[in-house]
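Close look at the chain arrangement
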Amino acid sequence: MPKAFRNLIGGQEKDAVSGRTFENRNPADWNEIVGIFPKSEKRDVDAAVDAAKQAYKEWHLFPAPKRGDIVKKAGDILVARKGELAKQMTREMGKVLLETRGDVQEGIDTAYYSASEGRRMFGVTAPSELPDKFTMSMRVPVGVAGVISPWNFPMAIPTWKIFPALVSGDTIVFKPASDTPATAATLVEILVEAGVPAGVVNIVHGTGSEVGMAIVQNDDIELVSFTGSTAVGKKISEIAAGTLKRVSLELGGKNAEIVMDDANLELALDGVLWGAFGTTGQRCTATSRLIVHEKVYDKFLDMLAERTSRLKLGNGLDESIEVGPLVNEAQREKVHSYTEIGKREGARLVLGGESARGGNLDGGWFYKPTIFADVAPEMTIAREEIFGPVLSVMKAKSIDHAIELLNGTIYGLSSAVYTKNLNHAFKAMRDIKAGITYINAPTIGAETHMPFGGVKQTGNGHREGGASAFEFFTEIKTVYVDYSDRLQRAQIDTYKN
Ligand code: UN1
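Because the structure is predicted, anything quoted here is derived from the model rather than measured. (Residues numbered from 1 in each chain as written. Predicted model: local features only at pLDDT ≥ 70, side-chain atom pairs only at ≥ 80, totals over all residues. Heavy atoms only, no water.)

**Some words on the packing of helix α5 (residues 156-168) against helix α15 (residues 466-473)**
Selection rule: For every element, the axis is a line fit to its C-alpha atoms; helices are fit only across the contacting stretch, and the angle between N-to-C directions ranges from 0 to 180 degrees. Secondary structure follows DSSP: runs of H or I at least 4 residues long count as helices, runs of E at least 2 residues long count as strands, and numbering of each begins at the N terminus. We call two directions roughly parallel when the angle between them is under 35 degrees, roughly antiparallel when it is over 145, roughly perpendicular when it lies between 65 and 115, and oblique otherwise. The hand of a helix crossing depends on one turn: near helix anticlockwise from the far one by less than a right angle means left-handed, and clockwise means right-handed. Should any heavy atoms of two residues lie within 4.5 Å, those residues are counted as being in contact. Here the nonpolar group is Ala, Val, Leu, Ile, Met, Phe, Trp, Tyr, Cys and Pro; Asp, Glu, Lys and Arg are the charged ones; every other residue, Gly included, is treated as polar.
Contact pair α5 / α15: the axes reach a minimum separation of 9 Å and the direction vectors enclose 60°. Taken as axis vectors, α5 and α15 run oblique relative to one another. As for how α5 packs across α15, the hand of that crossing is right-handed. Residue-level inspection shows Lys161, Pro164, Ala165, Val167 and Ser168 of α5 in contact with α15, the latter providing Ala469, Phe470 and Phe473. In the contact of α5 with α15, the residues fall into six nonpolar, one polar and one charged.

Quick look at the structure:
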C-alpha cells in the first residue's frame, strides 16, 4: 500500500474536508505510486489561514535570531537526511540523483544563509534634521504568507520562500506542486522536528486551481510568493490587485547561451549540454536557445549533436543515468507538440524529436534530447517556453547581433555568454536584458545567497535568494523618536524662509 499523506493545519494532521485524494506517481515508472495525498479546496485553505493567523500572534514576537536558530536546525536535519531525501525526490520528480542531491543542498544552503540573516536584517539609522530627534528604519514581519511552489525544484524552491519568511517572522500556508508533494511534506515534517511551533507552517495539498487560487483569494493572506508559469502568474496578479496584496512572481524563461567564435568550444559545449538537458530541460533557467557565431556554427553543431546523442536516458535512481524522464504525461505531450510546431515552421530537426522507448524506458515519460538548427527568431520554438529537452539553435553574425537575438523574447531570466574577449563579455553584461548573466558558465547554477529572478514577463520585479528575499517577506517601518519635549516641525522649523 502506498503511504497516505495528510495536510498539516495548526499542528494537526488532517484529511481534505471533502475526503478526496490524489495519487502521485513515479515519472520513470508510472506503475509505482509514491503516495496518496489529500485533494483539498477552499475550506481546507481557510482553516490553514486561520491557524497561521493565530500562530502569527506569538511567532512575530519571537526574536529573529531565535527564529533563525530553528531554521538552522532544519538545515542540520536536511544535512543528515540528504541522501534519503534525494532518492525520494528522484522517485517523485524524475531528475537524476546527482541533481536531486544538489536540490537538497540548495535547501541546506538557504537554511544556513537565512538563519544568519536573523542576526542581521539590517535597517538604517540616520541623523534627523531637527535637534534632539532620532530616526531609524527597521524590518518588521508582514503576516501570513501564501507559498505556492513548482515541481522542478521540489526542495530548493520551497526553502527559498519558507526559510526567509520564517526568519522574517511571517507564518505560512504552503501549497506545493501536486507532482511533488512528498518532498514538500518531508520538508514540513523537518521544520516541525526543528521546533517550528504549531500553526506557523501549514501545508495544504491539492491543485493550483482549487488550493492555489483559494490562497490568492484569501484576504487574510498578505503575501503570495509564486513560482510557475507566466499565464498563472498573470492571473494571480489580477486577483491580488483587488486588495493590493504583495505578490512575488517567478515565471517563465526562454534563456539563451551565446557561443562566440573566440570561445573555448569544449567548455561552451559542456555548458549547453548541462544547461539544455540537465533536469530534462525542466528548469526556468534551462538553456532553451543556443546562439552560435557563424564562423563556428557548423562545427559546434556537429560537436553538440555528437555529444547529445550519447546522453544516457533512464531512471534517475541509477547513478550512471544522465537524463531522467519528463514529470508527467501532459508535459511529454506538450513538449512533443513543440517538436511538431518546429518541424511545421521549417526548423531543421537534427536530433531527437520523439519519445524515447524500449526496455525500461517504456514505463516512463521519457523524451529524447532534441535539437533544432537554423531556427529563425520568429518561429514559435524560438519564442515560447517549452520546459523540456528541446534546444533551438540560431546563427549570429557578431556579438551585437547575438545579443539582439538573445533579447528578442518576452522573457528575461537567465543568459550565458562564452567568449574569451573581454569587450564582448562586458558588452553582454551591460546589454543583455535578463535578471542573471553568466560569463563562461551555463544558464543554470544560481547560488542561494545571490538575488534570483528576471526581467520582462519573467516576473514582477522581486528577487528571491540572498538578502533580497528578506525585502519581500518584511515591511520597512520608519520610526522617528523626538526627545526634545516640544513640537518640532520637519521642513518648517529648520528652514524658516
Ligand atoms: C529554476 O530553474 O526553476 O540556477 C530554479 C539554477 C538552480 C535554480 C533554478 N540553482 O538553475
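**Some words on empty space enclosed by the protein**
Take a probe with the size of a water molecule and roll it over the atoms, and the empty space left behind shows itself. Heads up, the rule is: Of the grid points, spaced at 1 Å and generated over the protein atoms alone, those admitting a 1.4 Å probe that cannot get out make up cavities, while open sets with protein on both sides within 12 Å along at least five of seven lines make up pockets; any residue with an atom within 4 Å of a point is treated as lining. Grid points are joined across faces, edges and corners, and a volume is the space filled by probe spheres set on the points.
Inspection of the entire model under this criterion finds five cavities of 30 Å³ or more. If you go around the largest cavity, you meet 15 residues; those closest to its centre are Gly281, Arg283, Ala286, Ser288 and Phe387. Partitioning the lining of the largest cavity into residue classes produces six nonpolar, six polar and three charged.

**Notes on the domain arrangement of the protein**
Rules: Segment limits for the domains were obtained from an automatic or database-derived domain assignment. Summed over both partners, the accessible area lost on bringing two parts together, with a 1.4 Å probe, is the buried area.
For the protein, the domain assignment lists domain 1 (3-251 + 459-478) and domain 2 (255-439). Centre-to-centre separation of domain 1 and domain 2, based on C-alpha positions: 31 Å. Facing 24 residues of domain 1, the contacting portion of domain 2 comprises 31 residues. Together domain 1 and domain 2 conceal approximately 2200 Å² of surface at their shared face, both sides included; 62% is due to carbon and sulfur atoms.

**Looking at the pattern of salt bridges**
Side chains bearing opposite charge may pair, as long as their charged atoms lie close to each other. Heads up, the condition is: Throughout this description, the term salt bridge denotes a Lys or Arg side-chain nitrogen within 4 Å of a carboxyl oxygen of Asp or Glu. Accessibility here uses a 1.4 Å probe with only protein chains present; expressed as a share of the type maximum, an area under 20% marks a residue as buried, one over 50% as exposed, and anything in between as partly exposed.
This structure, assessed with the given rule, holds 28 salt bridges. The residue Arg20 makes a salt bridge to Glu210 at a minimum N-O spacing of 2.9 Å. Of this pair, Arg20 sits in the loop between β2 (12-14) and β3 (21-26) while Glu210 sits in helix α7 (residues 208-217); the two residues are 190 residues apart in sequence, bridging distant segments of the chain. Looking at Glu210, the relative accessible area reads 26%, which means it is partly exposed. One salt bridge in this structure joins Glu354 and Lys368, with 2.6 Å as the shortest N-O distance. One end of the pair, Glu354, is in the loop between β14 (348-351) and β15 (370-373); the other, Lys368, is in the loop between β14 and β15, and 14 residues separate them in sequence. The partly exposed category is assigned to Glu354, whose relative accessible area is 40%. Residue classification places Lys368 among the partly exposed positions, given a relative accessible area of 31%. The network of salt bridges with common partners includes Arg20, Lys39, Glu41, Arg43 and Glu210.

**A word on unusual backbone geometry**
One non-glycine residue, Asp374, adopts positive backbone phi at about 55°. Considering the arrangement of structural elements, one finds Asp374 in the loop between β15 and α12 (380-383). Since its relative accessible area comes to 37%, Asp374 is described here as partly exposed. A positive phi angle, close to 70°, is found at Gln491, a residue other than glycine.

**Some details on the layout of surface pockets**
Reported here for the largest pocket is a volume of approximately 820 Å³. Together, 34 residues line the largest pocket, and Trp151, Phe226, Gly228, Ser229 and Val232 are the ones closest to its centre. Of all elements in the fold, only α7, β10 (221-227), α8 (230-241) and α11 (329-344) reach the threshold of two or more residues within the lining of the largest pocket. Of the residues forming the lining of the largest pocket, the biggest block, five residues, is contributed by α8. Residues of the lining of the largest pocket, tallied by class, amount to 15 nonpolar, 14 polar and five charged. Inspection of the lining of the largest pocket shows a minimum of three residues originating in each of domain 1 (3-251 + 459-478) and domain 2 (255-439). By volume, the second largest pocket amounts to about 430 Å³. In terms of lining residues, the second largest pocket is bounded by 25 residues, among which Glu106, Phe153, Arg283, Gly445 and Ala446 are the most central. With seven residues, the single largest contributor to the lining of the second largest pocket is helix α4 (residues 97-117). Its residues assigned to classes, the lining of the second largest pocket comprises 10 nonpolar, eight polar and seven charged. Per-domain counts for the lining of the second largest pocket show at least three residues from each of domain 1 (3-251 + 459-478) and domain 2 (255-439).

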